[in-house]
Amino acid sequence: MDNISQIISRSIGGYSIGSILSALLTFLICLIVVRLVLKLCSRLLSRANRLNERLQKVILTSLKTLLYLLTIIITAEALGINTSSLTAIMSVLTLGVTLAAEDILGNVAGGLVILFSHPFSLGDEIEVGGTTGTVREISLTHTKIETPDGQIVLQPNREMSSSKIINFTVLGRRRIVYKVTASYDAPTDEVKQACMDAVLAFPAVLKEPTPTVYLSNYGASSIEYTIRCWTAADAYWDTYFKMYERLRNTFAKHNVEMSYDHLNVHVVPEKQNEN
């Protein structure tokens, strides 16, 4: 026993063998605890259906970094090292990194908000910050949007999380609204029937909700009619433009004049002076 005590009391580099062994044991225990905690958290995250794989990796990586830093501090205390200075240095470094990467961290925070709230998915057509297009990629810092004219826009998540987001495809259907004008001479029922014939000619137009046609305004030289119908989200634009052509042809078939703004001038003959 005396020999063991003498061996343990010996010092290496200013630290006793006993304190080194104690620190080593503490370090091994911490590693075991870290692995168990990470394994448990990984199982819990895998059961969370609302968290995608990317977000799970980010959470696990952040947790692993934090646990390893705590392991270093605990091991240093077991070795007899004063960790107050180490903690202060880490705090200063963390503050410096935070200030230097304020925009990046803001985008990351915005990315986490988007991943948690799930306002849109890949392939959805959205409008945000004046940009309209299809979502192609969602990362922690940016969201990649492909516009209809073939441009790729990298929208910062920090701005997206604080802006109004319009999702056109989340419900699987979109409403089409047209405003057309017809002459005052055209019977209202005939105009409404012509509009309805044009709408029902497209298989992509949904039967429910029922398409509607309303007389919506009396203009200076024409009557305005509003057409409302619903179509599948992926068929929206194709139906939208082709129906304009169909409306023109259908009006001609029903002998309905598509009126436009014009001015009627009536010339009043000048009266001759009576002598």
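Everything discussed here concerns the structure shown above.
Keep in mind that what you see is a predicted model, and the values were worked out from it rather than measured.

(A) Structural context of the overall build of the protein chain. Scanning the protein chain from N- to C-terminus turns up eight helices and 10 strands. Taken over 275 residues, the protein chain has a buried fraction of 29%. Within the protein chain, contacts between residues at least 6 apart in sequence are counted, and of these 61% link residues at least 24 apart. With the model as given, the accessible surface of the protein chain reaches about 18600 Å², and the carbon-plus-sulfur share is 58%.

(B) Local environment of the sheet that holds strand S9 (residues 212-218). With antiparallel pairing, the three strands of this open sheet are ordered in space as S8-S10-S9. Across the chains shown, the open sheet's two edge strands, defined by having one partner strand only, are strand S8 (173-182) and S9. Averaged over all neighbouring strand pairs, the angle between strand axes comes to 25 degrees, with direction disregarded. As defined by bridge partners, S9 adjoins strand S10 (residues 223-232) across six bridges and the pair is classed as antiparallel. In the strand pairing of S10, Val213 is matched with Ile227.

(C) Focus on the packing of aromatic side chains. A full pass over the atoms with the stated rule returns nine aromatic pairs. Taking 5.8 Å as the distance between ring centres and 25 degrees as the angle between the ring planes, the aromatic pair formed by Tyr236 and Tyr240 counts as stacked. Of this pair, Tyr236 and Tyr240 are both found in helix H8 (residues 236-253), four residues apart, which corresponds to roughly one turn of the helix. Each member of the pair Tyr236 and Tyr240 is classed as buried. Ring plane angle 90 degrees and centroid distance 5.6 Å describe the contact between Tyr240 and Tyr244, whose orientation is recorded as edge-to-face. Of this pair, Tyr240 and Tyr244 both sit in helix H8, four residues apart, which is roughly one turn of the helix. The rings of Tyr178, Tyr236, Trp237, Tyr240, Phe241 and Tyr244 are connected pair by pair, giving a single aromatic cluster. When the ring centre of Tyr236 is taken as reference, the NZ or CZ atom of Arg174 above it lies at 3.8 Å. Against the face of Phe202 rests Arg246, its NZ or CZ located 5.7 Å from the ring centre.

(D) Here's a closer look at the side chain of His254. Turning to its location among the elements, His254 is positioned in the segment after H8. Residue class for His254 comes out buried when judged on its relative accessible area of 19%. Polar side-chain contacts of His254 include one of 2.8 Å to the side chain of Glu190. Ignoring anything within four residues of it in the chain, the contact list for His254 reads Glu190, Gln193, Ala194 and Asp197.

(E) Region of interest: the pattern of salt bridges. Inspection of every chain in the model, using the stated rule, returns four salt bridges. Between Glu137 and Lys144 there is a salt bridge; the shortest N-O distance is 3.4 Å. The exposure class of Lys144 is partly exposed, given its relative accessible area of 28%. As a salt-bridge pair, Lys242 and Asp238 come within 3.5 Å of each other at their nearest N and O atoms. With a gap of four residues between them, Lys242 and Asp238 both fall in helix H8, about one helical turn apart.

(F) Molecular detail of the nonpolar core. Ranked by internal contacts, the top residues of the largest apolar core, which has 23 residues, are Val191, Ile227, Met243, Leu247 and Phe251. Of all elements in the fold, only S8, helix H7 (188-200), S10 and H8 reach the threshold of two or more residues within this core. Ignoring anything within four residues of it in the chain, the contact list for Phe251 reads Val180, Thr181, Ala182, Val191, Ala194, Cys195, Val256 and Met258. Grouped together as the second largest cluster of nonpolar side chains are 10 residues, Val135, Leu140, Ile145 and Met160 included.

Calculation criteria
Residues numbered from 1 in each chain as written. Predicted model: local features only at pLDDT ≥ 70, side-chain atom pairs only at ≥ 80, totals over all residues. Heavy atoms only, no water. Helix = DSSP H or I, 4+ residues; strand = E, 2+ residues; numbered from the N terminus. Buried < 20%, exposed > 50% of the residue type's maximum accessible area, 1.4 Å probe, protein only. Contact = heavy atoms within 4.5 Å. Areas by Shrake-Rupley, 256 points an atom, 1.4 Å probe, with all protein chains shown as cover. Pairing = 2+ DSSP bridges. Axes fitted to C-alpha atoms, helices over the stretch in contact; angles between N-to-C directions. Phe/Tyr/Trp six-rings, centres within 6.5 Å; stacked < 30°, edge-to-face > 60°. Lys NZ or Arg CZ within 6 Å of the ring centre and 35° of its normal. Polar contact = N/O pair within 3.5 Å; in protein donor to acceptor, adjacent residues only side chain to side chain. Salt bridge = Lys/Arg side-chain N within 4 Å of Asp/Glu carboxyl O. Core = buried A, V, L, I, M, F, W, Y, C linked by side-chain atoms within 4.5 Å.

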